[in-house]
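Chain by chain, the residues run as shown.
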Amino acid sequence: MTSLTGQKAKTRLMAMRRAAIEAHQQNDLGTAESLYRQLLGSGSQESGDWANLGAILRSDGRLEEAIAIYEQGLGKWGKDPILCLNASNAFRDAGSLHKSEQTLERCLEEFPGSLPIRHSLAKTWISAGRHEDAVKMLECLAEEDSNIHAIWCDLGIANSHLKQGEKALISFQKALKIDPNHCRTRANCITLMTDQRRLEDAQLILNQTPGDLCDNLEVKTAKANLLIAKQEMVEAAILLHQLCMDEPESTQHWLNLGASLRGLKRSFLASKIIRKGISIHPEDEGLQNALLQSLAEQGYIISARRLLNQMNKESINKKSNLVFNLQFLSVSTGLLKDSELMKLAQEWERTQNYAGCKTLWKDYCLEPWSKRRLRIGYLSSDYCNHPVSRFLLPVLEHHDRNTVEIWGLHTGPYWDIVSDKIKQNCDHWLDLSCLNDLQAARVITDQRLDVLVELGGYTGNSRLGICLHEPAPIQMSYLGYPGATYLNAVPWWIGDECLFQGLKEESKQHSLVKINGGYMCMPYQIAIVDPEDKTEDAPFRFGSFNHARKLTRRTISLWISILRLCINSELVLKSISFLELAEIKRIRELFLQAGINEDRILLLPWAENFEQHISTYNKIDIGLDPVPYGGATTTAEALGMGIPVVCLQGEGMVCSLSASILHSAGLNDLINDSENDYINCAVKLYNQGKRSSKKRLTLAEVVTNSQLGDARRVSRGLESAFYQCLKQLRGC
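Residues numbered from 1 in each chain as written. Predicted model: local features only at pLDDT ≥ 70, side-chain atom pairs only at ≥ 80, totals over all residues. Heavy atoms only, no water.

**Q** What am I meant to see in the overall build of the chain here?
**A** Summing up its helical and strand segments, the chain has 33 helices and 13 strands in all. Counting only C-alpha atoms and orienting by the principal axes, one finds that the chain spans roughly 125 × 65 × 45 Å. Buried residues in the chain amount to 54% of all 732 residues. A separation of at least 24 residues holds for 64% of the contacts in the chain among residues at least 6 apart in sequence. Of the roughly 32,700 Å² of accessible surface on the chain, 50% is carried by carbon and sulfur atoms. (Helix = DSSP H or I, 4+ residues; strand = E, 2+ residues; numbered from the N terminus. Buried < 20%, exposed > 50% of the residue type's maximum accessible area, 1.4 Å probe, protein only. Contact = heavy atoms within 4.5 Å. Areas by Shrake-Rupley, 256 points an atom, 1.4 Å probe, with all protein chains shown as cover.)

**Q** Looking at this model, I keep getting lost on the environment of G630. Mind explaining?
**A** Turning to its location among the elements, G630 is positioned in the loop between strand 11 (622-624) and helix 29 (633-640). Once you skip the residues sitting within four places of it in the chain, G630 turns out to touch K550, D625, V654, L657 and S658.

**Q** Can you walk me through the pairing of strand 6 (residues 492-495) in this structure?
**A** Side chains on a regular strand alternate between the two faces of the sheet. Side chains of strand 6 alternate between two faces, with W492 and I494 and W493 and G495 buried alike. Relative to strand 6, strand 5 (residues 474-477) runs parallel, the two being bridged by two bridges. When the sheet's bridge partners are listed, M476 is paired in strand 6 with W492. When strand 6 meets strand 7 (residues 511-514), the two strands line up parallel, connected through four bridges. Bridged to I494 within strand 7 is V513. (Pairing = 2+ DSSP bridges.)

**Q** Can you walk me through the packing of aromatic side chains in this structure?
**A** Centre-to-centre distance and the angle between the planes together describe a pair of aromatic rings. Scanning all chains against the criterion turns up 13 aromatic pairs. Considering the side-chain rings of F324 and W348, the 5.5 Å spacing of their centres and the 75 degrees angle between planes classify their relative orientation as edge-to-face. Taken together, the residues span a long stretch of sequence, with F324 in helix 20 (residues 320-333) and W348 in helix 21 (residues 338-354) at a distance of 24 residues. Each member of the pair, F324 together with W348, is buried. Site record: aromatic cluster; members linked through ring pairs are F324, F328, W348, Y458 and Y481. Its guanidinium or amino end placed over the ring of F91, K99 lies 5.4 Å from that ring's centre, counting from NZ or CZ. One Lys or Arg, K550, reaches over the ring of Y629 and ends 4.0 Å from the middle of that ring. (Phe/Tyr/Trp six-rings, centres within 6.5 Å; stacked < 30°, edge-to-face > 60°. Lys NZ or Arg CZ within 6 Å of the ring centre and 35° of its normal.)

**Q** Help me understand helix 8 (residues 131-144) in this model?
**A** Residues that lie three or four places apart on an α-helix share one face, since the helix turns once every 3.6 residues. When the terminal C-alpha atoms of helix 8 are compared, their 20 Å separation across 14 residues agrees well with the 20 Å that a helix rising 1.5 Å per residue should span. When we look at burial in helix 8, the residues that qualify are H131, A134, V135, M137, L138, L141 and A142. Residues of helix 8 that are buried sit in contact with helix 7 (115-127) and helix 9 (149-161). (Expected span 1.5 Å × (residues − 1).)

**Q** Just to check I follow, could you spell out the sheet that holds strand 10 (residues 601-605) for this structure?
**A** Picture the strands of a sheet paired through backbone hydrogen bonds; they go either parallel or antiparallel. Spatially, the six strands line up as an open sheet ordered 10-9-8-11-12-13, and their pairing is parallel. Of all the strands in the sheet, just strand 10 and strand 13 (671-672) have a single pairing partner and so form its edges. Note that strand 11 and strand 12 (residues 645-648) share two bridges and pair parallel. Each bridged residue has a counterpart across the sheet, and for G623 the counterpart in strand 12 is V645. Contacting strand 8 (540-544), strand 9 (569-575), strand 11, strand 12 and strand 13, helix 31 (residues 675-687) runs over the sheet at an angle of about 170 degrees to strand 12. (Axes fitted to C-alpha atoms, helices over the stretch in contact; angles between N-to-C directions.)

**Q** Help me understand the sheet that holds strand 4 (residues 451-454), please; the structure alone is not making it clear to me.
**A** The strand order across the open sheet formed by seven strands is 3-2-1-4-5-6-7, and the pairing between neighbours is parallel. Edge positions in the sheet fall to strand 3 (428-431) and strand 7, since each of these pairs with one other strand and no more. Between one strand axis and the next, the sheet turns through 25 degrees on average, direction left out of account. Here strand 1 (residues 374-380) runs beside strand 4; their pairing, made up of four bridges, is parallel. Among the inter-strand pairings, G377 is bridged to a residue of strand 4, identified as L452. The strands that helix 33 (residues 711-730) touches are strand 1, strand 2 (404-410), strand 4, strand 5, strand 6 and strand 7; relative to strand 1, the one it contacts most, it runs at about 110 degrees.

**Q** What am I meant to see in the pairing of strand 12 here?
**A** Of the two faces of strand 12, the one holding V645 and C647 and the one holding V646 and L648 are both buried throughout. On the question of chirality, the crossover connecting strand 11 to the parallel strand 12 by way of helix 29 is right-handed. Both strand 12 and strand 13 contribute to a ladder of two bridges, which runs parallel. The residue bridging L648 from the neighbouring strand is N672, located in strand 13. (Right-handed = clockwise from strand over helix to strand, strands pointing away.)

**Q** I keep staring at the packing of helix 17 (residues 285-297) against helix 18 (residues 301-310) and nothing clicks. Help me out?
**A** Between two packed helices, the angle of one axis relative to the other and the distance separating the axes together describe the packing. Two elements in contact, helix 17 and helix 18, have axes whose closest approach is 8 Å; the angle formed by their N-to-C orientations is 160 degrees. Judged on the interaxial angle alone, helix 18 and helix 17 are roughly antiparallel. Judged by the sense of rotation from one axis to the other, the crossing of helix 17 with helix 18 is left-handed. Between helix 17 and helix 18, the contacting residues are Q288, L291, L292, L295 and A296 on the first element and I301, S303, A304, L307 and L308 on the second. Among the residues forming the contact of helix 17 with helix 18, the class breakdown is eight nonpolar, two polar and no charged. (Parallel < 35°, antiparallel > 145°, perpendicular 65-115°, else oblique. Left-handed = near helix turned anticlockwise from the far one by under 90°. Nonpolar A, V, L, I, M, F, W, Y, C, P; charged D, E, K, R; others polar.)

**Q** What is the right way to read the layout of surface pockets from this model?
**A** If you add up the space inside the second largest pocket, you get close to 410 Å³. Lining the second largest pocket are 26 residues, with V331, D338, E506, E651 and V654 sitting closest to its centre. Elements supplying a minimum of two residues to the lining of the second largest pocket: helix 20 and helix 21. The element contributing the most residues to the lining of the second largest pocket is helix 20, with five residues. Partitioning the lining of the second largest pocket into residue classes produces 13 nonpolar, eight polar and five charged. (1 Å grid on protein atoms, 1.4 Å probe; cavity = no way out; pocket = protein on both sides within 12 Å on 5 of 7 lines; lining within 4 Å. Points joined across faces, edges and corners; volume = space filled by probe spheres on them.)

**Q** Looking at this structure, I do not really get unusual backbone geometry. What am I missing?
**A** Leaving glycine aside, a negative phi is the common case for residues, and trans is the common case for peptide bonds. Cis geometry marks the peptide bond from V627 to P628, where omega comes out at 0 degrees. By the element assignment, P628 lies in the loop between strand 11 and helix 29. Positioned with a positive phi, Q231 is a non-glycine residue whose angle comes to about 65 degrees. With respect to the element layout, Q231 can be found in the loop between helix 13 (217-229) and helix 14 (233-246). A positive phi angle, close to 65 degrees, is found at K265, a residue other than glycine. With respect to the element layout, K265 can be found in the loop between helix 15 (251-263) and helix 16 (267-280). What makes K265 partly exposed here is its relative accessible area of 24%.

**Q** Any chance you could explain the side chain of D496 here in plain terms?
**A** In this fold, D496 is placed in the loop between strand 6 and helix 25 (505-509). It turns out D496 is buried and unbridged, and the closest side chain with the opposite charge, R713, is 7.1 Å from it. Among the polar contacts made by the side chain of D496, one reaches the side chain of S660 at a distance of 2.6 Å. Beyond its immediate chain neighbours, meaning those up to four positions away, D496 contacts K514, I515, G518, Y519 and S660. (Lys, Arg positive; Asp, Glu negative; His and termini not counted. Salt bridge = Lys/Arg side-chain N within 4 Å of Asp/Glu carboxyl O. Polar contact = N/O pair within 3.5 Å; in protein donor to acceptor, adjacent residues only side chain to side chain.)

**Q** It is not clear to me how helix 24 (residues 437-446) should be interpreted in this structure. Could you clarify?
**A** Every buried residue of helix 24 is listed here: A440, A441, I444 and T445. Projected down its long axis, helix 24 carries its buried residues within an arc of 140 degrees, all on one side. Each element contacted by the buried residues of helix 24 is listed here: strand 2. Two residues or fewer past helix 24, R448 is found with a positive phi of approximately 55 degrees. (Arc of directions from axis to C-beta.)

**Q** Mind showing me how you'd approach the packing of helix 6 (residues 97-110) against helix 7 here?
**A** Where helix 6 contacts helix 7, the two axes come as close as 10 Å, and the packing angle between them is 160 degrees. If you check the angle between helix 6 and helix 7, you find them roughly antiparallel. Where helix 6 crosses over helix 7, the two elements pack in a sense that is left-handed. Mapping the contact onto sequence places L97, S100, E101, L104, E105, C107 and L108 in helix 6 and I117, R118, S120, L121, T124, W125 and S127 in helix 7.

No statement about biological role is implied by the geometric values presented.
Now the structure itself:
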């Protein structure tokens, strides 16, 4: 009788289990959960009941309940593979990585060859940041069975975390071959190819995407990133706007939409988008950083400081993009004091080293250099039609190749005709744009350079992090950034006597290298374009073609004073941001509030064509330099076009850019020490009348024959500085 009763109970439990499994398969999870709970309450002897009930609870978001079930099940069936796999997944979801690892390792004691258990352990290691261990495990699993899609995907993820982009891409490509319809894998391939600037290959994969997969959010996100990389900003903005509506919880969509709008010179609209993103994600640091940039560039410094005080300072120090943005904004707007910038830079430098950026081995006792050419590397992300390249090109052309050997170290995303010219004027060329900082540093170290000159500082796309690895014994900052880096890894800073006037904290941190006669020369491509005599009825015009972010209230106030004293004059302003009506209205309102009639203010948008841009100087008679952030490119352009520029020299590099150029050009009478002198200088030039073509040609000739026009002087000055620094380093 007892045996019969036991058999009936066993039959009933088997029927209940079949019903539970059937309900589970039909997604009737309520019924399945109830039946599994009855099975467990009746003393079930099947580990699958615990695993399945836990899986239902986990899929329903009831993670704590699922973990409680798994822990009870593990107490009875501690080494069952299916239960261990399910339990480890739940532990991993909950962040209990150590418990997940322990569960899997116990199971491996019983089943050491289990591929699923080892795969799950590798996934746990990825979550725990043990990416190298995960790669080793996954590579072994891929050798055992090369047809498992998930293994190749996870190997790609682990290699991505290790900044091994090429290896990651190979893994994702193999995964895509196994399952061509897996959207995330396809998106990862497109994204990695985009990151590696293999834009045609990325576009090919996108073109080969089946129609029903094109609407997948991950594929669309990868497509948007590709469009931005290809500078197809209109299409990118349209797609990203749709993504923001479809997936508003993704902060990256809002950031990328803002970036694409900025690329279209729609800064006000970009600011509006960023604010919308912040309304959904008020604590997101990336969006806060973007808003901070927007506020500072529009002159709302008080609001920017208020936002900065609300941001997590410790987190900023650990994120390069936040540090770079804050450094650049502060050097141009005064958002932070010099002492605060130095502290921020050095904390970032320490953080990067702590995170794994170790100083590479370098030999300060290279083979004797007195009988060979010095090896000089110029590191830049701006080897394209950019001010850095236009100023650098004449220097490269005039370097003494009997004295120095030049390496062009290219890390940027863009290429054009100026890039070709830069490359042609280098003895060696290395494209490091697809390498991470450590990889790039190792490649540079292999060149056994004597001097590494970084040209970007904290500007966008700059790879200053490469310098933290110290791949060369002498590392210097030059040309591309209007301030100090404050980094121990880059102790030398190239400038001139005028540029470094009034330095405070910066001079304590850096060894100042001063080029006699000025640290720059006239940039590539500057020449007078059809100088014209103005008609009798043409108005006298002052002008400034600097970005509108430099048009501070102090600057506007100075110019208003000049316009009031020069009653028959007009002011021509030209900026990329004048493509937006909101920006035009903002600038006009500043003058209207001071009683300056709007017909005296001519606002011009930026001209993409260089010849069209440079010919616009024909519209003005006198250039006015903004304060405190003066011009460099615009001042050189104006002088090359025969237009004098009135400047006010302040303390520090950012306030002395125009003064340095004017001093080098021998035009010291245009450099002023006070606001009254600045105004009087402008009025004096106004009283001399409009600039005739003869006057303009005469000034252009003066500039050409000055120290500013002598590129050979700058090249020789740099070469001498390189030798002196090496002698100082080696004590000889």
